[in-house]
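Coordinate inspection notes
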Amino acid sequence: GLGLIIRTVAAETAIDKVKEEISHLINTWNIIKRRAEIEKAPALLYRSSDIVVRCLREYITNKNDFIIADDQKIVKRLQHIAESEESLIKENIQYYDGITPIMQRYQVWEDIQSLYKREVQLPSGGSIEALTAIDVNSGSFHAYGIPHEDAAYLTNREAVLEIAKQIRCRGIGGIILIDFIDMQKEQNKEKIVEQLKSKDKIKTVVCGMTSLGLVEMTRKRSTYRLEQLAYSSCPLCEGHGRIASTQSIITTIHRNLKRIKKNYKRDEKIIIQCHPSIAESLESEKEQYYLKSLMHKDIHIEKKESLKREVFSVLSLSE
């Protein structure tokens, strides 16, 4: 009286584990049916796992893993789940109540920020850096009556000349990865690679083409890059090409409020000085409700035209 979708991974899974999963699914389905009989439409009958449960499923790999949270409700919930989960030990779920925010204490915030950088420093002093990637596409090429191999070679041959020109004119150096349109004939691949090995005053090394049509080349870094001569770094994004979203800035403000919450006195006035566009969001009804529930008092918002969007101050002053 029921149907099952059994994934490939089940082939290597113990029978008891499969039975346990089936039992869980049947129980969940029965709960949904009972809710459907009781609830009045429209109503939510089922909600998928939230971020807490998903983290347990995706990141807890063995019993030696620790979970640290700065929310008592989450800790208690995890400890309750641990009672029925073999992969969790209740004692390994701990509450963090330190003065330093948990994201800062375990360098999580720094790790998140590094995701948006072109270069990331390593503890030893080295670094990893983004490379230059070039993708060749057929685009609007009309290859009526032309075999795919010939059309791919023609497009790649035109691309080689333009790539060599762009690399020289832009002053690009370091590792360059080029993704050409796939070709089957080895002689065509060799011709493209040879054409790429054009004469260049700057030392260049071109490797062969892989089965996926990728060519790796290195070019000695020149003393300039065209963009450095033609453009100055944006004073807002500092050359990253992006500015922080309103929501990410507000989340950072929340984090700062939680940090001072443990130390500020009840009779102190809390002021947030920020850019007008951020202040507008903070003054919304939803945000005001959250701030008041977080700090248990009204938060004063001051608009500062002189501040950049991502710059703000959280002040705690005696009234």
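Let me sum up the structure you'll find in this document.

What counts, and at which threshold
Position numbers for residues start from 1 in each chain and track the written sequence from start to end. It should be noted that, the model being predicted, local features are given only for residues of pLDDT at least 70 and side-chain atom pairs only at 80 or more, the latter also being counted only at that level, while totals for whole chains, interfaces and linings use all residues. Values reported for side chains reflect all heavy atoms of the structure, with hydrogen atoms and water molecules removed beforehand. Exposure above 30% relative accessible area and no salt bridge define the residues that can form patches, which grow by joining like charges within 9 Å and nonpolar side chains of Val, Leu, Ile, Met, Phe, Trp and Tyr within 5 Å. Each accessible area is a Shrake-Rupley estimate made with a 1.4 Å probe; only the visible protein chains count as cover when residues are assessed. Any Lys or Arg side-chain nitrogen located within 4 Å of an Asp or Glu carboxyl oxygen qualifies as a salt bridge. Strands are runs of DSSP state E lasting at least 2 residues, helices are runs of H or I lasting at least 4, and numbering of each runs from the N terminus. Note on classification: 1.4 Å probe, protein chains only; a residue is buried when its accessible area is under 20% of the maximum for its type, exposed when over 50%, partly exposed between these limits. Residues count as neighbours in contact if any of their non-hydrogen atoms are within 4.5 Å of one another.

What to know about a nonpolar patch on the surface
Taken together, Leu2, Leu4, Ile6 and Ile26 make up a surface patch of nonpolar side chains, about 400 Å² in accessible area. Inspection of the secondary structure assignment puts Ile6 in the segment before α1 (15-38).

Quick notes on the pattern of salt bridges
Applying the stated criterion across every chain yields a total of five salt bridges. For Arg77, the salt bridge is made with Asp50, and the minimal N-O distance between the two is 2.4 Å. Taken as a pair, Arg77 in helix α3 (residues 72-82) and Asp50 in the loop between α1 and α2 (51-59) lie far apart in primary sequence, 27 residues in all. Judged by its relative accessible area of 35%, Arg77 is partly exposed. A salt bridge links Glu186 to Lys189, with the nearest nitrogen and oxygen atoms 3.7 Å apart. Note that Glu186 and Lys189 are positioned in helix α7 (residues 186-196) at a spacing of three residues, about one turn of the helix. Residue classification places Lys189 among the buried residues on the basis of a relative accessible area of 9%.

Overview of unusual backbone geometry
Of the consecutive residues Ala41 and Pro42, the connecting peptide bond is found in the cis state with omega at -5°. Not every positive phi belongs to a glycine, and Gln107 is a case in point at roughly 55°. Structurally, Gln107 can be placed in the loop between α4 (102-105) and α5 (108-114).

Brief notes about the side chain of Lys297
Summarising the element assignment, Lys297 is placed in the loop between α11 (285-295) and β10 (300-303). Sequence-distant contacts of Lys297, that is, excluding residues within four places in its chain, are made with Tyr264, Arg266, Asp267, Glu268, Lys269, Ile270, Leu291 and Lys292.

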